[in-house]
Amino acid sequence: MKKTLIAAASTAFLLAGCSTTETEKAAPNENEKKVLHTMESYDLLSVDPADAITSNIFNQIYEGLYRFDANNELVPAAAKSHSVSEDGKVYTFKLDQNAKWSDGKPVTAENFRYAYERVIETNSPFSYLLEPVKETKVIDDQTLQIELKRPTPYFLSMTTFGTYMPVREDIVKQQGEQFGTDPETNVYNGPFTFKKYQAEQGYTLAKNADYADQKNVKIDEVDVKIIKDPMLAINLFETGELDVAPLNSENVINYKSKKEYNTFSDSRMFFIRMNQKTEALKDQKNRQAIDAAYDKKALTETLLGNGSLPADYIVPQELDPKYDKTRQIEASFDATQAKQVLADQKLELTMIIEDDDVSKKIGEYIQGSLKQQNVDVKLLSLPKKERLAREGRGDYDLSLASWAPDYQDATTYLNLFMTGNPFNMMDYSNKKYDSLLKQAENELDQDKRLELLSKAETMLLDDQAISPVYQRKNAFLQNTEVKNLARHNVGTDISYKYVEINRK
């Protein structure tokens, strides 16, 4: 019997976390350990790879067939090597014979085959990522063969994402619907395992002694605090309680000249979902006017101030330089045009945002811009889990959302808005848009394929199904004693595996 993962798993996950004891005091030998002290702005939702919505954690505790290294190059992970058939459809992976789970049992090809089957059977919202896969075969314990429906040049990068990570059938059956809800009871094949977890407070990861490449993991633990206030994070960095802290716009200028100051351009796109179940938002002109009503360039330069790019596109720049050449990007800001459409309607809309500092400021900026067009926007600030749940129910008018690429191709964004995609939460449907993506899916000529994808993006933006806001650039502080904290612009944002610490 099929079931949907997110709602049940997330609720149980929080309940499991609440049963954990209060944060323990540091052990006497704490200073002898190499511990990275870092933070996240939101809590975990699940540690079930089929429900990879909080994707950062999966790259730390699980190991896919391949991963991105510290230089953002694809390298073998649970797989030792792979070969591809001449027609580009059959991938044969040889697994690392030393790969083990954190309870000492070997990682096998069956663990991957079962994981992929389970993603489909449980009706995971991420099952669309397995769409290119026609069949998965276990040749032997260390040999996995994946046959694709068509050549997929970006397939190897897909295997780095949580959806493609292995799980153990015996553990899933033992835990039943509780699987993935309590991180301390699970088994992992990645660089780290869970030492402790406390809901909405944080968690501690410990080096996995059974990890195949554990000799190259140079730190003992990662202590992650859940901190939603950037000023608190900066204060904790200043007092030495954090090794890494994000910078908000007010503080970038104060730290730009400091040796601890760093930036990283990633591919996370922020955009406004416009729910077409809302009567006013069924009108394309209204959606276009809302997009034109706020100045994205001013938002990124004055409000964020960290180098983020104003976005009148949904496929991030530099994800695929060849794709970038197929399109022209023009600014949509036009307050006069917006006022002509919106001013006399006196619309009242609710916009859901997450409860972190940056989301609140962006929400307030857009709220103020629309107020000038006589649109009354009520902001509703929610934890990430609740925002996702309301989007899933269609219980919103506007929603400030974001998406990072799961793999290196424009379709990791464009497919989200196809009719029936579980992440198309705006009641948007355009058969011509769907058709362009289907054509691109079967087009073997890569130049023609990119042209089809570019046409689809143009159509999506002309329809104004969404209002793109910005492409993120991170400004952050990092302790100079911490090296090789890898940041990625595809899949997981960050990797702790490569970190080295030299405390003075």
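The name given to the protein chain in an unreviewed UniProt entry is Peptide ABC transporter substrate-binding protein, and the organism recorded there is Exiguobacterium antarcticum. For the record of the protein chain, the UniProt heading Subcellular location (unreviewed entry) holds the text "Cell envelope".

1. Quick look at the overall build of the protein chain
The number of helices and strands found in the protein chain is 16 helices and 21 strands. For 504 residues, the compact-globule estimate of 2.2 N^0.38 gives 23 Å, and the C-alpha radius of gyration of the protein chain, at 23 Å, lies within 12% of that figure. The principal-axis extents of the C-alpha atoms in the protein chain amount to approximately 65 × 55 × 40 Å. The proportion of buried residues among the 504 residues of the protein chain is 57%. Considering only contacts in the protein chain between residues 6 or more positions apart, those separated by 24 or more positions represent 69%. Roughly 21900 Å² of accessible area belongs to the protein chain as shown, and the carbon and sulfur atoms make up 46% of that amount. Positive and negative side-chain charges of the protein chain, numbering 64 and 79 respectively, have mean locations separated by a distance of 1 Å.

2. A few points about the packing of helix α8 (residues 284–292) against helix α11 (residues 335–342)
Running from N to C, α8 and α11 point in directions that differ by 140 degrees, and their axes come no closer than 8 Å. Considering the angle they form, α8 stands oblique to α11. Pair α8 / α11 crosses with left-handed handedness. Mapping the contact onto sequence places K285, N286, Q288, A289, I290 and A292 in α8 and A335, Q337, A338, V341 and L342 in α11. Residues belonging to the contact of α8 with α11 are distributed by class as follows: seven nonpolar, three polar and one charged.

3. Description of the nonpolar core
Membership of the largest hydrophobic core comes to 104 residues, with the highest contact counts inside it found for L65, F93, I314 and F417. Ranked by residues supplied to this core, first place goes to helix α3 (residues 109–121) with six residues. What I314 contacts, discounting residues up to four positions off in sequence, is M269, F271, Y413, L414, F417, E457, L460 and I466. Ranked by size, the runner-up nonpolar core spans 28 residues in total, among them L299, L303, I366 and L370.

4. Remarks on unusual backbone geometry
For N72, which is not glycine, the phi dihedral falls at a positive 60 degrees. With respect to the element layout, N72 can be found in the loop between β2 (66–68) and β3 (74–76). We classify N72 as partly exposed; its relative accessible area is 27%. Of note, the phi angle at N123 is positive, near 60 degrees, even though the residue is not glycine. Tracing the chain through its elements places N123 in the loop between α3 and β6 (133–140).

5. Some details on the side chain of T38
The residue T38 is located in strand β1 (residues 35–40) in this model. Judged by its relative accessible area of 4%, T38 falls in the buried class.

6. Notes on α8
Inspection of α8 places N286, R287, A289, I290, D291 and A292 among the buried residues, and these make up the whole buried set. Two to three positions downstream of the cap, the backbone nitrogen of K285 sits 2.8 Å from a side-chain oxygen, assigning the N-cap of α8 to D283.

7. Thoughts on the packing of aromatic side chains
In this structure the tally under the stated criterion is 18 aromatic pairs. Arranged with centres 5.4 Å apart and planes meeting at 75 degrees, the rings of Y62 and Y188 form a pair that is edge-to-face. Taken together, the positions of Y62 in the loop between α2 (58–61) and β2 and Y188 in the loop between α5 (169–175) and β8 (192–198) put the pair 126 residues apart, joining distant regions of the chain. Comparing Y62 with Y188, the two get one shared label, buried. An aromatic cluster is built from Y66, Y91, F93, F112, Y116, F155 and Y164, whose rings are joined through pairwise contacts. Cation over ring: K384 sits above Y42, and NZ or CZ is 4.5 Å from the ring centre.

8. As for the sheet that holds β6
In space, the four strands of this open sheet follow the order β4-β5-β7-β6, with antiparallel pairing throughout. The sheet terminates laterally at β4 (79–84) and β6, the two strands that pair on one side only. Adjacent strand axes in the sheet meet at a mean angle of 20 degrees, parallel and antiparallel pairs treated alike. Where α3 meets the sheet, its contacts fall on β5 (90–95), β6 and β7 (143–148), and the angle it forms with β6 comes to roughly 155 degrees.

9. Topic: the UniProt feature "domain: Solute-binding protein family" (unreviewed entry) in the protein chain
Per the UniProt record, "domain: Solute-binding protein family" (unreviewed entry) is found at residues 73–422. Measuring from the first to the last C-alpha atom of residues 73–422 gives 30 Å, for a span that is 28% helix and 25% strand.

10. Some points on the pairing of strand β15 (residues 376–382)
Regular strands have side chains that alternate between both faces of the sheet. Note that strand β14 (residues 348–354) and β15 share seven bridges and pair parallel. In the strand pairing of β15, E348 is matched with D376. After leaving β14, the chain enters helix α12 (residues 357–371) and then returns to the sheet as β15, a path that is right-handed.

11. Regarding helix α9 (residues 296–304)
The periodicity of an α-helix, 3.6 residues per turn, causes residues three or four places apart in sequence to face the same way. Of all the positions in α9, only K296, L299, T300, L303 and L304 are classed as buried. An end-on view of α9 places all buried positions within 110 degrees of arc, on one side of the element. In the core, the buried residues of α9 are packed alongside α7 (249–255), α8, β13 (309–310), α12 and β17 (466–478). At the C-terminal side of α9, G305 shows a positive phi close to 60 degrees.

12. Details of the pattern of salt bridges
For the structure shown, the criterion picks out 38 salt bridges. Of the charged contacts, one joins D213 and K215 as a salt bridge, the two residues approaching to 3.6 Å between their closest N and O atoms. By relative accessible area, K215 is classed as exposed at 59%. One salt bridge in this structure joins K361 and D357, with 3.4 Å as the shortest N-O distance.

Parameters at a glance
Sequence order sets the numbering: in each chain, residues are counted from 1 along the sequence as written. Given that this is a predicted model, residues contribute local features only at a pLDDT of at least 70 and side-chain atom pairs are listed and counted only at 80 or more, while totals for whole chains, interfaces and linings are drawn from all residues. No hydrogens and no water enter the side-chain calculation; it runs on all heavy atoms of the structure. UniProt positions are given in the numbering used here, feature names are shortened, and annotations may be inferred rather than shown by experiment. Runs of E in the DSSP output that reach at least two residues are strands. Runs of H or I that reach at least four are helices, and both are numbered from the N terminus. We take the radius of gyration over the C-alpha atoms and set the globule estimate at 2.2 Å times the residue count to the 0.38 power. Working definition: with a 1.4 Å probe on protein chains only, accessible area under 20% of the residue-type maximum means buried, over 50% means exposed, and in between means partly exposed. By definition in these notes, contact holds between two residues if any of their heavy atoms fall within 4.5 Å. Values of accessible area rely on a 1.4 Å probe in the Shrake-Rupley scheme; residue burial ignores everything except the protein chains shown. His is not counted here, nor are the chain ends, while Lys and Arg score as positive and Asp and Glu score as negative. Every charge is mapped to an atom, namely NZ of Lys, CZ of Arg, CG of Asp or CD of Glu. Between N-to-C directions, angles cover 0 to 180 degrees, with each direction set by a line fitted to C-alpha atoms, over the stretch in contact for helices. By definition in this entry, angles of less than 35 degrees are roughly parallel, angles greater than 145 are roughly antiparallel, angles of 65 to 115 are roughly perpendicular, and the rest are oblique. For any pair of crossing helices, the crossing counts as left-handed if the nearer helix is rotated counterclockwise from the farther one by less than a right angle, and right-handed if it is rotated clockwise. Here the term charged refers only to Asp, Glu, Lys and Arg, the term nonpolar to Ala, Val, Leu, Ile, Met, Phe, Trp, Tyr, Cys and Pro, and the term polar to all other amino acids, Gly among them. Working definition of a nonpolar core: buried Ala, Val, Leu, Ile, Met, Phe, Trp, Tyr and Cys residues. They are joined through side-chain atoms within 4.5 Å. Under this definition, polar contacts are N or O atom pairs within 3.5 Å; protein pairs additionally need one hydrogen-donor-capable and one acceptor-capable atom, and for neighbouring residues in sequence, both atoms have to be side-chain atoms. Note on aromatic pairs: the rings of Phe, Tyr and Trp (six-membered ring only in Trp) are paired at centre separations within 6.5 Å, and the planes decide the class, stacked below 30 degrees, edge-to-face beyond 60, tilted for the rest. Only when the NZ atom of a Lys or the CZ atom of an Arg is both within 6 Å of the ring centre and within 35 degrees of the ring normal do we say a charge sits over the ring. Here a strand pair is declared whenever DSSP counts at least two bridges between the two strands. By the criterion used throughout, a crossover qualifies as right-handed when its path from the first strand across the helix to the second strand runs clockwise, the strands pointing away from the viewer. Note that the arc is computed from the directions linking the helix axis to the C-beta atoms. Each reported salt bridge corresponds to a side-chain nitrogen of Lys or Arg within 4 Å of a carboxyl oxygen of Asp or Glu.

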